[in-house]
Amino acid sequence: MQLKTPSLLVIVELRVVFLKIGEIDTLKEQYSADTFIQSKWREPLLDNRTNNVLSETKEATWLTATINNKGEAFVMERRRVRGVFMENLELNDFPLDVQDLTVTITTERPDSEIDIIPDENEMSGINVQTFVDQQEWRLHQHIEVSKRVMTQEYSSSARCHPALSVTCRAARRPGYFYWNVFLVMFFISALSFATFAVSPELPQNRLQLSFTLLLTSVTFKFVINQSLPKISYLTYMDKYVLLSLVMLCVVCVWHAVVTVFCRYGSTFLQKLERDVFIAFVMIYIICHIVFIFWLYFDACKRRRVMKHKDREYMEFLARKKEWLEKTKELNPSSRRQSTLLLHSVHAL
């Protein structure tokens, strides 16, 4: 077993900036983005030399060397990457979902040679103003960075490779689905109570109207499913549509069963119809109240967490800016001291 040598371990500081987020395609589970990636590491062979550009390419990639006030050289690679990124969308809370948009940077070298960490001085970020799909989504302002370890499936060796994932988040604007799905299904299911206006002695007419509403709801469900990928679990929109279908089915069943009570006389039948109608309306209203509270306390929970993280992130940036203004004339004695100062600011 080969032991890691700490002196040979290269520390690479990574920074990712989302310059522009394009369209987020829910059906294909992908999004387009324009990202800026900056990596920095120590290069002792260039110590005490002047700053210079080491190389440039036509693919928006350039390599430079910088010298700090101690004469220590750092190689900095910057590149701009535009493309379409795949993302496994979590649609349980649809259309109130919040999606993670992640860019993961890794290396072909094993973790025994390289360790990737977030940049201590320049933080990853996102440009919210250039977001293209603002009509359907709202970008959150905070960025989360997490370290990962990846393995190459095509490699015969069991070596692990360090990776860094930078995540921004987008919250879907649910207004379109409120007016075009939930409200339409509410009208269709609510019209089932109008079938009680038909005499119970004409069950064929009642069933004809109820089946028409039921088939309309089923057709409408197939139409709205075209905007979602084929997933094996139910979204909140699916649950509401199924709830409406269940209500229509219950009304259809009642119109078929009411013929059994016709032999008890019209007076008894009218009283029974009135009681059943009132019971159905009360159940319908209670189900909607419970569903609304369910949406607020469960589906919207993650949205409230993301807004809280936005506030914490902006407060942290304000504290960091204030700290940098106070200490811009001071030179920390070491990089370790700078790291400790940043952590102390974050802990305030």
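Residues numbered from 1 in each chain as written. Predicted model: local features only at pLDDT ≥ 70, side-chain atom pairs only at ≥ 80, totals over all residues. Heavy atoms only, no water.

(A) Just the overall build of the protein, in detail. For the protein, the helix and strand inventory stands at six helices and eleven strands. Buried positions account for 38% of the 348 residues belonging to the protein. Once local pairs closer than 6 in sequence are excluded, the contacts in the protein between residues at least 24 apart make up 71%. Accessible surface for the protein amounts to roughly 20,900 Å². Of this, 60% is attributable to carbon and sulfur atoms. (Helix = DSSP H or I, 4+ residues; strand = E, 2+ residues; numbered from the N terminus. Buried < 20%, exposed > 50% of the residue type's maximum accessible area, 1.4 Å probe, protein only. Contact = heavy atoms within 4.5 Å. Areas by Shrake-Rupley, 256 points an atom, 1.4 Å probe, with all protein chains shown as cover.)

(B) Here's a closer look at the packing of aromatic side chains. Evaluation of the coordinates by the stated rule reveals 20 aromatic pairs. Each ring, one from Tyr178 and one from Phe182, has its centre 6.0 Å from the other, and the planes form 65 degrees; the classification is edge-to-face. Note that Tyr178 and Phe182 are positioned in helix H1 (residues 175-190) at a spacing of four residues, about one turn of the helix. Connected via pairs of aromatic rings, a cluster forms that spans Phe186, Phe187, Phe193, Phe196, Phe277, Phe280 and Tyr284. Sitting over the ring of Phe74, Arg42 keeps its end group 5.5 Å from the ring centre. Taking the ring centre of Tyr296 as reference, the NZ or CZ of Arg304 above it sits at 4.7 Å. (Phe/Tyr/Trp six-rings, centres within 6.5 Å; stacked < 30°, edge-to-face > 60°. Lys NZ or Arg CZ within 6 Å of the ring centre and 35° of its normal.)

(C) Structural context of the packing of helix H3 (residues 236-257) against helix H4 (residues 266-299). The interhelical angle for the contact between H3 and H4, taken along N-to-C directions, is 175 degrees, at an axis separation of 12 Å. Here H4 runs roughly antiparallel to H3, going by the angle between their axes. Of H4, the residues touching H3 (which contributes Tyr236, Lys239, Tyr240, Leu243, Met247, Val250, Val251 and Trp254) are Leu272, Glu273, Val276, Phe280, Tyr284, Cys287, His288, Phe291, Trp294, Leu295, Asp298 and Ala299. Its residues placed into classes, the contact of H3 with H4 shows 16 nonpolar, one polar and three charged. (Axes fitted to C-alpha atoms, helices over the stretch in contact; angles between N-to-C directions. Parallel < 35°, antiparallel > 145°, perpendicular 65-115°, else oblique. Nonpolar A, V, L, I, M, F, W, Y, C, P; charged D, E, K, R; others polar.)

(D) Just the UniProt feature "transmembrane region" (unreviewed entry) in the protein, in detail. In the numbering used here, UniProt assigns the feature "transmembrane region" (unreviewed entry) to residues 177-197, 209-228, 240-257 and 277-297. Helix makes up 67% of residues 177-197 and strand 0%, whereas the separation of the span's terminal C-alpha atoms amounts to 31 Å. The span residues 240-257 is 100% helical and 0% strand by assignment, and the distance between its end C-alpha atoms comes to 26 Å. (UniProt positions renumbered as here; feature names shortened; annotations may be inferred.)

(E) How the structure looks around the pattern of salt bridges. Under the definition given, this model contains 16 salt bridges. Between Arg206 and Glu273 there is a salt bridge whose closest N-O contact spans 2.4 Å. With a gap of 67 residues between them, Arg206 in helix H2 (residues 203-224) and Glu273 in helix H4 connect regions that are remote in the sequence. Owing to a relative accessible area of 0%, Arg206 belongs among the buried residues under this scheme. Between Arg274 and Asp275 there is a salt bridge, with the nearest N and O atoms lying 3.8 Å from each other. (Salt bridge = Lys/Arg side-chain N within 4 Å of Asp/Glu carboxyl O.)

(F) Representation of a nonpolar patch on the surface in the model. Together, Phe277, Ile278, Met282, Ile286 and Val290 give the surface a local cluster of nonpolar side chains, amounting to about 450 Å² of exposed area. Among the secondary structure elements, Val290 is positioned in helix H4. (Patch = residues over 30% accessible without salt bridge, like charges linked within 9 Å, V, L, I, M, F, W, Y side chains within 5 Å.)

(G) The arrangement of the pairing of strand E11 (residues 161-172) in detail. Across the twelve residues of E11, twelve count as buried, placing the element largely inside the fold. Side chains of E11 alternate between two faces, with His161, Ala163, Ser165, Thr167, Arg169 and Ala171 and Pro162, Leu164, Val166, Cys168, Ala170 and Arg172 buried alike. Pairing geometry for strand E6 (residues 98-106) and E11, over nine bridges, is antiparallel. Its bridge partner lying in E11, Thr106 is registered against Ala163. Sheet analysis places strand E10 (residues 144-150) next to E11, joined by seven bridges and oriented antiparallel. (Pairing = 2+ DSSP bridges.)

(H) Structural detail: H4. Taking 1.5 Å of rise per residue, the 34 residues of H4 would be expected to cover 50 Å, and the 47 Å separating its terminal C-alpha atoms lies within 8% of that figure. Buried residues along H4 sit against H1, H2, H3 and helix H5 (301-327). (Expected span 1.5 Å × (residues − 1).)

(I) Quick look at the side chain of His140. Position of His140 relative to the elements: it lies in the loop between strand E9 (137-139) and E10. Taking relative accessible area as the criterion, His140 reaches 1% and is therefore assigned buried. Engagement of the side chain of His140 in a polar contact is seen with the side chain of Asp310, the distance being 2.8 Å. Setting aside chain neighbours within four positions, we find His140 in contact with Val98, Ile126, Val128, Arg169, Ala170, Ala171, Met306, Lys307 and Asp310. (Polar contact = N/O pair within 3.5 Å; in protein donor to acceptor, adjacent residues only side chain to side chain.)

(J) Layout of unusual backbone geometry. Following Phe94, the chain continues into Pro95 via a peptide bond in cis, with omega recorded as 5 degrees. Looking at the element boundaries, Pro95 is found in the loop between strand E5 (73-86) and E6. A positive phi angle, near 55 degrees, is found at Glu29, a position not held by glycine. One can find Glu29 in the loop between strand E1 (10-25) and strand E2 (30-42).

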